[in-house]
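This is what each chain is made of:
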Amino acid sequence: EDSPPAESPITGRKTLADQRAIFEQLKQQFAEAQAASSSEPDDARDAGAEAQEREIVSLEDEVRRLRRESATLQTALISTQEEVMERTAEVDDLLKRVSTLQAELEDGRVQHRGDASGLRQQLEETLCAMRQQTEDMSRLQDRAVAGERREANAAARAEGLAAELC
């Protein structure tokens, strides 16, 4: 049974003494650090605190300004969105009107073409009838002239016969 030798009370005291020495050393370093920080002039600490306070006030003012600006921008955004919606509705309405007018215009064009076609046909029929009437009148004129010649010839023969008889 090999068990490690038990620490002697002297060795245990040495470890405890070392721990105490380390603790005392740490305490002294802490006290020195505090003394060094407390040795700074109060004016320097006060000036630093005032500078920090001014920085905080400045930053708070900046935050308030940015919040106001953000609210203004959000209001402008909402207003712009409403305006866009109104403009979109106007555009839709105008688009419907334009579509209706285009349809009416196309209907008018179709009707105009139909009317023009009907009028052309009427004009052609009228021209054809006038040509026919002109030809008929020319023939009647020729017949009238021929009839007058025959009448003149008949009258001249009748006079010649009447002169022979008398």
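Every value quoted in this text rests on a predicted model; they were computed, and no experiment measured them.

Counting its regular elements, the chain contains two helices and zero strands. Residues classed as buried in the chain amount to 1% of the 166 residues present. A total of about 15500 Å² of accessible surface is found on the chain, and carbon and sulfur atoms cover 56% of it.

Applying the stated rule across the entire model yields nine salt bridges. In this structure, the salt-bridge partner of Glu83 is Arg87, at a minimum N-O distance of 3.8 Å. Of the two residues, Glu83 and Arg87 both sit in helix α2 (residues 42-165), four residues apart, roughly one turn of that helix. Assessed through its relative accessible area of 40%, Glu83 is described here as partly exposed. Across the pair Arg87 and Glu90 runs a salt bridge, and its minimum N-O distance is 3.6 Å. Highlighted residues: Arg87 and Glu90, both in helix α2, separated by three residues, approximately one helical turn. Accessibility expressed as a relative area gives 46% for Arg87, which makes it partly exposed. Each of Glu62, Arg65 and Glu69 takes part in one network of salt bridges that share partners.

Time to look at a nonpolar patch on the surface. Taken together, the side chains of Leu123, Leu127 and Met130 make up a nonpolar region of the molecular surface, amounting to roughly 280 Å² of accessible area. Relative to the elements of secondary structure, Leu123 occurs in helix α2. The exposed category is assigned to Leu123, whose relative accessible area is 51%.

So, on to the confidence of the model for the chain. With 86% of its residues at a pLDDT of 70 or more, the chain shows a mean pLDDT of 86. This stretch, residues 1-9, has a pLDDT under 50; its non-local contacts, to residues over four places away or in other chains, come to one contact.

The rules behind the values
- Residues numbered from 1 in each chain as written.
- Predicted model: local features only at pLDDT ≥ 70, side-chain atom pairs only at ≥ 80, totals over all residues.
- Heavy atoms only, no water.
- Helix = DSSP H or I, 4+ residues; strand = E, 2+ residues; numbered from the N terminus.
- Buried < 20%, exposed > 50% of the residue type's maximum accessible area, 1.4 Å probe, protein only.
- Areas by Shrake-Rupley, 256 points an atom, 1.4 Å probe, with all protein chains shown as cover.
- Salt bridge = Lys/Arg side-chain N within 4 Å of Asp/Glu carboxyl O.
- Patch = residues over 30% accessible without salt bridge, like charges linked within 9 Å, V, L, I, M, F, W, Y side chains within 5 Å.
- pLDDT = per-residue confidence, 0-100.
- Contact = heavy atoms within 4.5 Å.

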